[in-house]
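Report on the structure
Residue-level listing of the chains:
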Amino acid sequence: MENENTEFNQPNEREDENFNKVPEVQNSTSNEDATETCSMSPKAKRCHGWMSLINVLMLIGLIVLYILFFTSKGDTKHNPNATAPITGDGQLKIAYVNTDTLMAKYQYAIDLNDQLKAYQQQQENSYKQQMTQFQNDYQKYLKEGPDMTLSQQRAKEEELQKRMQRLQSLEGELALKIQEKTLKESETMTRAVYAFIREYNKDNQQFDLILAKSFSSSPILYGNEGMDITNEIVEGLNKEYTGLKDNKTEKDDSTSDQSK
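What you are looking at is a predicted structure, and each value in this text was computed from that prediction instead of being measured.

Let's shift gears to a negative patch on the surface. Side chains of Glu 225, Asp 228, Glu 232 and Glu 235 sit close together on the surface and give a patch of like negative charge. With respect to the element layout, Glu 225 can be found in the loop between strand E3 (209–213) and helix H7 (230–259).

Here's what the structure looks like:
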């Protein structure tokens, strides 16, 4: 922590040095003349101090004018035909979607989460069964080993050693398999969400920018509730997903009838 504080304070010291040098690097002819006049005065130090103060005040004034000029252009305007406000110069329409709410209410996301949990449990159960079988065979060998010949013991120990190595590598393989499936299925769902939002935007509000708002990872600290289109997006996504599920069920039933 001491090192971090030291590194943090150093830039401030440099900034203070540069700030104090601002009046000295001004290129104005009037400043140079004034500096020469001050240097010839018996009260040179006091004169230089006044010049530094004047330059600093001029710099602050320019900054204030800059801020006022640009913030005055950013007043929010409202379009009565849009659910979200128009910002900037009246041409940029912005909305946002709360992804936490979307993931909690989107049925596709809910079903996918259940499927992935079931898949993970299946893989873990398979590994546990193999590990249990190995432990049982090992305990059996410890009991029957003394009655075996030396060659039989060596063969059994080699077999158990290979199975143990296989189980150790299998644990990592199953974890990677679960991770890859999760990423693949999540990407498929994300693409479906993006595709729906594009179509929604084309057919409805035609926003210029739709942001993602999340409690854990979003850069958005505050958003006007009038810009929130989460409920509309979730409703449309669920309607689309239900339709796809119904069509799939009908196709599966038709295929099953034909096979009979």
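Structure shown, so let's carry the discussion forward.
In this section: helix H5 (residues 107–144). Here H5 is 38 residues long and its end C-alpha atoms lie 55 Å apart, about the 56 Å a rise of 1.5 Å per residue gives. Along H5, the residues that are buried comprise Tyr 108, Ala 109, Asp 111, Leu 112, Leu 116, Tyr 119, Gln 123, Tyr 127, Met 131, Phe 134, Asp 137 and Tyr 141.

On to the side chain of Thr 230. You can see Thr 230 is positioned in helix H7. Relative accessible area serves as the criterion here: at 3%, Thr 230 is assigned to the buried category. Setting aside anything within four residues of it in sequence, one finds Thr 230 in contact with Tyr 96, Val 97, Asn 98, Thr 101 and Leu 102.

Our focus in this paragraph is the layout of surface pockets. As a volume, the largest pocket reaches approximately 340 Å³. Lining the largest pocket are 13 residues, and of these Thr 99, Val 193, Tyr 194, Ile 197 and Ala 212 lie nearest its centre. Taken together, the elements giving at least two residues each to the lining of the largest pocket come down to helix H4 (99–105), helix H6 (150–203) and E3. In terms of residue count, the dominant contributor to the lining of the largest pocket is H6 (six residues).

Moving on, we get to the confidence of the model for the protein. Predicted confidence across the protein gives a mean pLDDT of 74, with 60% of residues reaching 70 or more. Mean pLDDT across the elements of the protein bottoms out in helix H1 (residues 2–20) (43) and peaks in H5 (94). With pLDDT under 50 throughout, residues 64–82 is counted as low confidence; its partners more than four residues away or in other chains account for 13 contacts.

This paragraph deals with H6. Each full turn of the α-helix corresponds to 3.6 residues, which orients residues three or four apart in the same direction. With 54 residues, H6 extends 79 Å from end C-alpha to end C-alpha; this agrees with the ideal 80 Å at 1.5 Å per step. Considered for burial, the residues of H6 that qualify are Leu 160, Leu 167, Leu 170, Leu 174, Ile 178, Met 189, Val 193, Phe 196, Ile 197, Tyr 200 and Asn 201.

With that settled, consider the environment of Lys 93. Its location among the elements puts Lys 93 in strand E2 (residues 92–98). Along the backbone, Lys 93 and Asp 208 are 115 residues apart, and their C-alpha atoms lie at a distance of 5.2 Å.

Once their charged atoms are close, side chains differing in charge can pair, the charge on each being opposite to the other. If you walk through the whole model with that rule in mind, you get eight salt bridges. One salt bridge connects Glu 199 with Lys 202, and the closest N-O pair in it is separated by 3.6 Å. Remark: Lys 202 and Glu 199 occur in helix H6; sequence separation between them is three residues, near one turn of the helix. In this structure Glu 199 comes out as partly exposed when scored by relative accessible area, which is 39%.

Turning our eyes to something else, we now look at the side chain of Gln 123. Mapped onto the fold, Gln 123 is located in helix H5. If near-sequence neighbours (up to four positions away) are discounted, Gln 123 is found in contact with Leu 174, Lys 177 and Ile 178.

A word on the packing of aromatic side chains. For the structure shown, the criterion picks out five aromatic pairs. Consider the rings of Tyr 106 and Tyr 108, whose centres lie 5.7 Å apart with planes at 75°: the pair is edge-to-face. Residue class for Tyr 106 comes out buried when judged on its relative accessible area of 1%. A relative accessible area of 17% places Tyr 108 in the buried class. Measuring from centroid to centroid gives 6.4 Å for Tyr 106 and Tyr 241, while their planes differ by 75°, and the two rings are edge-to-face. Of this pair, Tyr 106 sits in the loop between H4 and H5 while Tyr 241 sits in helix H7; the two residues are 135 residues apart in sequence, bridging distant segments of the chain. Neither residue differs from the other here; Tyr 106 and Tyr 241 are each classed as buried. Ring pairs connect the aromatic residues Tyr 106, Tyr 108 and Tyr 241, which therefore count as one cluster. Across from the ring centre of Phe 207, 5.5 Å away, lies the NZ or CZ of Lys 93, which sits over that ring. Stacked on the ring of Tyr 119, the Lys or Arg Lys 181 has its end atom at 5.0 Å from the ring centre.

Thresholds, definitions, all that
Residues numbered from 1 in each chain as written. Predicted model: local features only at pLDDT ≥ 70, side-chain atom pairs only at ≥ 80, totals over all residues. Heavy atoms only, no water. Patch = residues over 30% accessible without salt bridge, like charges linked within 9 Å, V, L, I, M, F, W, Y side chains within 5 Å. Areas by Shrake-Rupley, 256 points an atom, 1.4 Å probe, with all protein chains shown as cover. Salt bridge = Lys/Arg side-chain N within 4 Å of Asp/Glu carboxyl O. Lys, Arg positive; Asp, Glu negative; His and termini not counted. Charge placed at Lys NZ, Arg CZ, Asp CG, Glu CD. Helix = DSSP H or I, 4+ residues; strand = E, 2+ residues; numbered from the N terminus. Expected span 1.5 Å × (residues − 1). Buried < 20%, exposed > 50% of the residue type's maximum accessible area, 1.4 Å probe, protein only. Contact = heavy atoms within 4.5 Å. 1 Å grid on protein atoms, 1.4 Å probe; cavity = no way out; pocket = protein on both sides within 12 Å on 5 of 7 lines; lining within 4 Å. Points joined across faces, edges and corners; volume = space filled by probe spheres on them. pLDDT = per-residue confidence, 0-100. Phe/Tyr/Trp six-rings, centres within 6.5 Å; stacked < 30°, edge-to-face > 60°. Lys NZ or Arg CZ within 6 Å of the ring centre and 35° of its normal.

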